[in-house]
Amino acid sequence: MFFASDNSGPVAPQVLDALAHANEGHAMGYGNDPLSQQVAEDLRALFEAPEAAVYLVPTGTAANALSLACLCPPYATVFCSPAAHIHEDECNAPEFYTGGAKLTLVGDSDRMTPEALRAAIAGEETRGVHGPLRGPVSITQLTERGNVYSMEELRALTGVAQEFGLPVHLDGARFANAAVKLGVTPAEMSWKAGVDICVFGGTKNGLMGVEAVLIFNSEKAAEFELRRKRGALLFSKHRYLAAQMAAYLEGDLWRDLAGRANARCDQLVQGLKGLDVTLQTDRHANVLFFDLPRRVHRKLHAAGAVYSMWDSLDGPDDSIATARLVCDWSLPPEAVSEFTDLLARSL
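Residues numbered from 1 in each chain as written. Predicted model: local features only at pLDDT ≥ 70, side-chain atom pairs only at ≥ 80, totals over all residues. Heavy atoms only, no water.

Colleague: Tell me about the sheet that holds strand β1 (residues 53-57), and please be specific about residues and values.
Modeller: Pairing in this open sheet of 7 strands is mixed, and the strands run β1-β7-β6-β5-β4-β2-β3 from one edge to the other. Looking at strand neighbours, the two that pair on one side only are β1 and β3 (102-105), the edges of this open sheet. Along the sheet, successive strands turn relative to each other by an average axial angle of 25 degrees, direction set aside. With 3 bridges joining them, strand β2 (residues 76-80) and strand β4 (residues 133-140) adopt parallel strand pairing. Bridge pairing in β4 places Ala-76 opposite Leu-133. Against the sheet, helix α10 (residues 239-249) engages β1, β6 (197-201) and β7 (211-215), with an angle of about 85 degrees to β6. (Pairing = 2+ DSSP bridges. Helix = DSSP H or I, 4+ residues; strand = E, 2+ residues; numbered from the N terminus. Axes fitted to C-alpha atoms, helices over the stretch in contact; angles between N-to-C directions. Contact = heavy atoms within 4.5 Å.)

Structural data, given as structure tokens:
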């Protein structure tokens, strides 16, 4: 009953096999090996973007911060949700890598609306040199509260950015889960929807540690390369990043792993129906936020369920606390059934 995070799940065996294969012999460093170059071509093919610049980095924070640094000068601002990973969980890395650009939080939800985004953008560049310039729009898909933007919602947000001539960054740490949920292609959920730089996450979906950044505006490619090196994020033994991504792409493993995680979350939702549980996530893929009395949370944890609390467990028995359940690719159906049965007995 391990629902703490998809970061906590194991590495897919195909990935370990690919790493072992890549470990044979010698190869040029810094991405100059044949495998790294082939992976870049394979990602261009997957995204139907033959001219895209493709880079691999070891973490999602690196992918986001470097991407935003290419889109946002230090005297501008990034528009994002108050629940965005770049705001809540990256220790000011975007501000650091951009050289001091600020973040403007849009609305009060994990999903921005076009109206709120338009108002936030219009509210900047109104104070001359005393305020920031308008910068990129950053969208998290799926959101940090587990919700998926529909394609209509995604296109509406990129449309607002285009009204103001602003670029769009897509934080896709769980890109695969969202694409599988929506039944769309990577191209449809990125450049075809108006995205300029896209993160194609792998670490949360069965890889050891690698994210791909696809830059559809090739003018920013050289800058990303320099920022990656300056930020100490260019791997010398780059083939080990490429090997993971090669396995991820082979036979659409990325889609299969995300489908497994999403299926377990669907099973979880079905099991929670009819129980006295309040779900905060209304459009899930592989993440759920839910509310329960603290006494029930305590029973679940004591019985061996592992998940993250968003509120403290301390407090009166009947007071409500919010928590998160995350399904990773390796979670067996039996673990979900065990958890929902335990919950039913604990209420």
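Colleague: Account for the packing of helix α1 (residues 13-22) against α10, naming residues and giving values.
Modeller: Across the interface, α1 lies against α10 with an axial gap of 8 Å and an inter-helix angle of 140 degrees. Relative to α10, the element α1 lies oblique. Crossing angle aside, the handedness with which α1 passes α10 is right-handed. Across the interface between the two elements, Gln-14, Val-15, Ala-18, Leu-19 and Ala-22 from α1 touch Arg-239, Tyr-240, Ala-243, Gln-244 and Ala-247 from α10. Taken together, the residues of the contact of α1 with α10 sort by class into 7 nonpolar, 2 polar and 1 charged. (Parallel < 35°, antiparallel > 145°, perpendicular 65-115°, else oblique. Left-handed = near helix turned anticlockwise from the far one by under 90°. Nonpolar A, V, L, I, M, F, W, Y, C, P; charged D, E, K, R; others polar.)

Colleague: Account for the side chain of Ser-346, with residues named and values stated.
Modeller: Positionally, Ser-346 belongs in helix α13 (residues 333-346). If we skip the residues at most four places from it in the chain, Ser-346 touches Arg-295, Val-296, Lys-299 and Leu-300.

Colleague: Now, about the pairing of strand β5 (residues 168-171): what can you tell me, with residues and values included?
Modeller: Taking every second residue as pointing to the same face, both faces of β5 are buried, with Val-168 and Leu-170 on one and His-169 and Asp-171 on the other. The pairing of β4 with β5 spans 4 bridges and is classified as parallel. Within β5, the position partnered with Thr-140 by the bridge is Asp-171. Crossover β4 to β5 through helix α7 (residues 151-163) is right-handed. Remark: the β5/helix α8 (residues 175-182)/β6 crossover connection has right-handed handedness. (Buried < 20%, exposed > 50% of the residue type's maximum accessible area, 1.4 Å probe, protein only. Right-handed = clockwise from strand over helix to strand, strands pointing away.)

Colleague: Lay out the layout of surface pockets with the relevant residues and their values.
Modeller: In this approach a probe as big as a water molecule rolls over the atoms, and the regions it shows empty are the leftover space. In this structure, the largest pocket spans a volume of roughly 290 Å³. Taken together, 14 residues line the largest pocket, and the ones lying closest to its centre are Gly-31, Ala-40, Val-54, Tyr-55 and Arg-228. Residue assignment for the lining of the largest pocket shows that the elements contributing at least two residues are α2 (34-46), β1 and α9 (221-230). Counting residues per element, the lining of the largest pocket draws most heavily on α2, at 5 residues. Looking at the second largest pocket, its volume works out to about 190 Å³. In terms of lining, the second largest pocket is formed by 14 residues, of which the most central are Gly-60, Thr-61, His-85, Ala-173 and Lys-204. Across the lining of the second largest pocket, the residue classes tally to 2 nonpolar, 7 polar and 5 charged. (1 Å grid on protein atoms, 1.4 Å probe; cavity = no way out; pocket = protein on both sides within 12 Å on 5 of 7 lines; lining within 4 Å. Points joined across faces, edges and corners; volume = space filled by probe spheres on them.)

Colleague: Go over the sheet that holds strand β10 (residues 308-309) with me, naming the residues and quoting the values.
Modeller: By definition, the strands of a sheet pair up through backbone hydrogen bonds, in either a parallel or an antiparallel sense. Here we have 4 strands laid out as an open sheet, ordered β8-β9-β11-β10, and antiparallel in their pairing. Strand pairing shows two members of the sheet lacking a second neighbour, β8 (278-279) and β10, which therefore form its edges. By the bridge criterion, 7 bridges tie strand β9 (residues 287-293) to strand β11 (residues 320-326) in an arrangement that is antiparallel. Along β11, the bridge assignment pairs Val-287 with Val-326.

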